[in-house]
Amino acid sequence: MTVAAESAASLVQSVDWLAIAPPTIAAVVGLVVLVADLFVKDGKKALLGWISVAGLAAAALALLPLLNDDRSTFCLTGGGTHACSYTADRFTLVIQLLVLGGALLAALLSMSTLKDSGDELPAGEYWFLLLSSAAGAALLPASRDLATLIVALEVASLPAFALVGLKRGDKRSSEAALKFFLSSVTATAVTLMGVSFVYAATGTLHLTDIATELQNVDGQLHTLAQTGVALTLVGFAFKVAAVPFHFWVPDTYVGAPLPVAAYLSVVGKAVGFTGLILVTVVAFPSYADVWGPALAVLAALTMTAGNVAALRQQATRAYSAVRLLAWSSVGQAGYLLVPIAAAGYADDTADTEKAIGSTVAYALMYTAVNLGAFAVAALVGRTRRLNRVSDYRGLYARKPLAALVLGFFLLCLAGLPPGIIGLFAKVTVFSAAVDAGLGWLAVVMAVNVVIALFYYLQWTALLFRAPKGEPVEHRVPAPLTAAIALTAVLGIALSGAPQLILRFSDTGLF
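Residues numbered from 1 in each chain as written. Predicted model: local features only at pLDDT ≥ 70, side-chain atom pairs only at ≥ 80, totals over all residues. Heavy atoms only, no water.

**With respect to the confidence of the model for the protein chain**
- For the protein chain, mean pLDDT is 86; residues scoring 70 or higher make up 94% of the total.
- No element of the protein chain has a lower mean pLDDT than helix α1 (residues 3-10), which averages 50, and none a higher one than helix α2 (residues 21-36), which averages 94. (pLDDT = per-residue confidence, 0-100. Helix = DSSP H or I, 4+ residues; strand = E, 2+ residues; numbered from the N terminus.)

Here is the structure:
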């Protein structure tokens with residue numbers, strides 16, 4: 001075979017359609033919904049929602065054939081290397097389950113929101129954007145080169161900008177979308193600059209090849225590579241709302257439709273944390289002395305800023321319940337950063353994977369309970385439009401099951417019984433910091449857990465106080481009821497058997 005023929009053969013990429021099925025199904029269903037919107041009459045737009053829910057469920061079910069079988073596709077095999085751009089390993093499948101499950105629950109919340117909004121939210125565009133973003137979020141954990149990673153990040157993000165500002169005639173929504181868009185574009189530009197620096201220093205974009213090449217970077221390119229590593233982390237730090245890239249969160253959550261805020265709080269964060277894990281642990285392990293301390297400091301600042309801001313929320317302020325959940329999500333992001341930072345101090349691969357497993361375990365817990373809290377907030381928001389914390393006073397007298405469920409979710413986030421899964425997840429994260437020798441970070445986390453207890457318990461106690469006034473109660477739509485019930489069952493089941501999630505902290509994911 002000639003040199004030219006060998007070179008051409010190395011560019012031939014295999015395509016494993018089964019491996020790429022989950023994000024592909026979400027993307028295809030999104031296109032189907034967009035086209036179907038042209039032919040579905042206005043009175044039957046709910047059909048588009050059910051198609052979207054079915055599509056997300058099918059995408060999640062497509063994960064089943066991939067269990068216990070690591071698969072890779074879009075691979076290059078020439079030049080003595082075998083690098084792939086898409087890998088469906090255990091880590092990929094767990095994160096894809098998280099994002100597709102989160103998107104499915106957000107879709108159930110969206111159905112009642114779209115019905116109540118009338119013409120303010122165009123159904124076809126809404127479902128197309130949600131499915132497109134979910135497809136990008138499902139693609140990201142499987143990405144194993146920086147080009148695919150950045151493309152997946154933007155496919156997940158760009159539709160989210162439009163979803164935030166999709167509400168017609170709502171200035172608050174438009175302002176939130178603009179702030180979200182401008183800050184995100186800036187972070188993406190910085191990240192792309194970092195990626196270009198890394199490529200210039202290593203000559204490759206595949207994560208495993210970068211890890212190898214960074215160990216042998218020429219001395220003259222060391223500073224360039226180090227700068228590239230730091231800048232590459234910026235975009236993902238923005239996605240997880242780490243300080244100082246957190247300022248967009250409260251206004252965006254308040255301005256966005258509530259299901260979109262719920263989606264961003266869970267799936268948006270999953271995208272950011274997944275990207276951080278891939279670039280740090282897989283691509284930049286030799287530069288752990290750069291990103292390890294940086295993420296440790298970010299974790300401390302993020303959890304402190306989020307919890308202190310949540311503590312200062314006034315119960316009678318408009319949309320204070322959503323703002324409190326927004327600042328709470330910033331604080332939770334700080335906890336999620338702790339094990340990733342701890343991975344930078346790990347002595348071997350086993351310790352690294354254990355630390356990453358702690359982040360994944362905490363993220364799975366957070367997904368279930370935080371979406372549940374937003375679901376109950378959506379329920380209350382149907383009769384109390386300003387959605388203030390004070391509006392939840394006496395919820396037990398009006399809707400006892402909703403109050404009990406919300407109280408359970410808040411206790412899970414606080415890490416108190418009966419929210420056993422929240423307690424165990426926090427202990428796992430705390431242990432990751434201690435095992436890595438980050439005693440100071442463990443102390444900061446302990447202080448923040450105490451701060452968070454105050455506002456979580458204050459809100460929980462308010463649910464059972466005597467009500468003030470009795471607003472007209474409407475029938476709860478079936479999709480909203482299903483979303484609350486699913487998250488409640490999941491949270492209770494995990495609290496009864498926390499090992500179902502915590503085992504991720506003891507087994508390898510890569």
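Let us keep going from here.
**Examining a negative patch on the surface**
- A cluster of acidic residues, Asp-347, Asp-348, Asp-351 and Asp-435, forms a negative patch on the protein surface.
- In this fold, Asp-435 is placed in helix α17 (residues 420-435). (Patch = residues over 30% accessible without salt bridge, like charges linked within 9 Å, V, L, I, M, F, W, Y side chains within 5 Å. Areas by Shrake-Rupley, 256 points an atom, 1.4 Å probe, with all protein chains shown as cover. Salt bridge = Lys/Arg side-chain N within 4 Å of Asp/Glu carboxyl O. Lys, Arg positive; Asp, Glu negative; His and termini not counted. Charge placed at Lys NZ, Arg CZ, Asp CG, Glu CD.)

**Here we look at the nonpolar core**
- Of all hydrophobic cores here, the largest spans 173 residues; its most connected members are Val-99, Trp-127, Tyr-253, Phe-284, Trp-291, Tyr-392 and Trp-459.
- Ranked by residues supplied to this core, first place goes to helix α14 (residues 349-381) with 19 residues.
- Not counting chain neighbours up to four residues away, the residues in contact with Trp-291 comprise Val-229, Leu-233, Thr-280, Val-281, Phe-284, Ile-340, Ala-343 and Gly-344.
- By size, the runner-up hydrophobic cluster in this structure holds 8 residues, among which are Ala-19, Leu-66, Ala-88 and Leu-93. (Core = buried A, V, L, I, M, F, W, Y, C linked by side-chain atoms within 4.5 Å. Buried < 20%, exposed > 50% of the residue type's maximum accessible area, 1.4 Å probe, protein only. Contact = heavy atoms within 4.5 Å.)

**Here's the deal with the packing of helix α16 (residues 400-414) against helix α19 (residues 478-496)**
- Direction vectors running N to C along α16 and α19 enclose 50°, while the axes themselves pass 11 Å from each other. When the axis of α16 is compared with that of α19, the two are oblique. Here α16 runs over α19; the crossing is left-handed. Contacts between α16 and α19 involve Val-405, Phe-408, Phe-409 and Cys-412 from the first element and Ile-484, Thr-487, Ala-488, Gly-491, Ile-492 and Ser-495 from the second.
- Classifying every residue of the contact of α16 with α19 gives 7 nonpolar, 3 polar and no charged. (Axes fitted to C-alpha atoms, helices over the stretch in contact; angles between N-to-C directions. Parallel < 35°, antiparallel > 145°, perpendicular 65-115°, else oblique. Left-handed = near helix turned anticlockwise from the far one by under 90°. Nonpolar A, V, L, I, M, F, W, Y, C, P; charged D, E, K, R; others polar.)

**Focus on the side chain of Thr-352**
- Mapped onto the elements of the fold, Thr-352 is located in helix α14.
- For Thr-352, a relative accessible area of 14% translates into the label buried.
- Aside from chain neighbours lying at most four places away, what touches Thr-352 is Val-281, Ala-343 and Ala-346.

**Quick notes on a nonpolar patch on the surface**
- Taken together, Leu-158, Leu-178, Phe-181, Leu-182 and Val-185 make up a surface patch of nonpolar side chains, about 440 Å² in accessible area.
- When you line up the elements, Leu-178 lands in helix α7 (residues 171-202).

**What about the pattern of salt bridges?**
- Counted according to the given criterion, the structure contains 6 salt bridges.
- One salt bridge in this structure joins Lys-45 and Asp-37, with 2.6 Å as the shortest N-O distance.
- The shortest N-O distance in the salt bridge between Arg-384 and Asp-391 comes to 3.5 Å.
- Accessibility expressed as a relative area gives 16% for Arg-384, which makes it buried.

**Some remarks on the packing of helix α13 (residues 320-343) against helix α18 (residues 439-462)**
- For the pair α13 and α18, interaxial distance at closest approach is 11 Å and the crossing angle is 155°. Here α13 lies roughly antiparallel to α18, going by the angle between them. Between α13 and α18 the crossing geometry is left-handed. Two secondary-structure elements touch here, α13 through Ala-321, Leu-324, Leu-325, Ser-328, Gln-332, Tyr-335 and Val-338 and α18 through Leu-441, Met-445, Asn-448, Val-449, Ala-452, Tyr-455, Tyr-456 and Trp-459.
- Residue composition of the contact of α13 with α18, grouped by class: 12 nonpolar, 3 polar and no charged.

**A short note on the state of the cysteines**
- Counted under the stated rule, the structure contains 1 disulfide.
- Here Cys-75 connects covalently by a disulfide to Cys-84, the sulfurs 1.9 Å from one another. Since a negative S-S torsion denotes a left-handed disulfide, the Cys-75-Cys-84 link at about 105° is right-handed. In this structure, Cys-75 and Cys-84 share a single accessibility class: buried. (Disulfide = S-S within 2.5 Å.)

**Focus: unusual backbone geometry**
- Cis geometry is adopted by the peptide bond preceding Pro-244, which originates at Val-243 and carries an omega value of 5°.
- Looking at the secondary structure, you find Pro-244 in the loop between α9 (222-239) and α10 (249-255).
- With omega at 5°, the peptide bond leading from Pro-417 into Pro-418 counts as cis.
- Residue position: Pro-418 is located in the loop between α16 and α17.
- Notably, Phe-74 is not glycine yet its phi reads approximately 55°, a positive angle.
- Looking at Phe-74, the relative accessible area reads 27%, which means it is partly exposed.
- Even without glycine at this site, Tyr-319 takes up a positive phi of about 60°.
- With respect to the helices and strands, Tyr-319 occurs in the loop between α12 (288-311) and α13.

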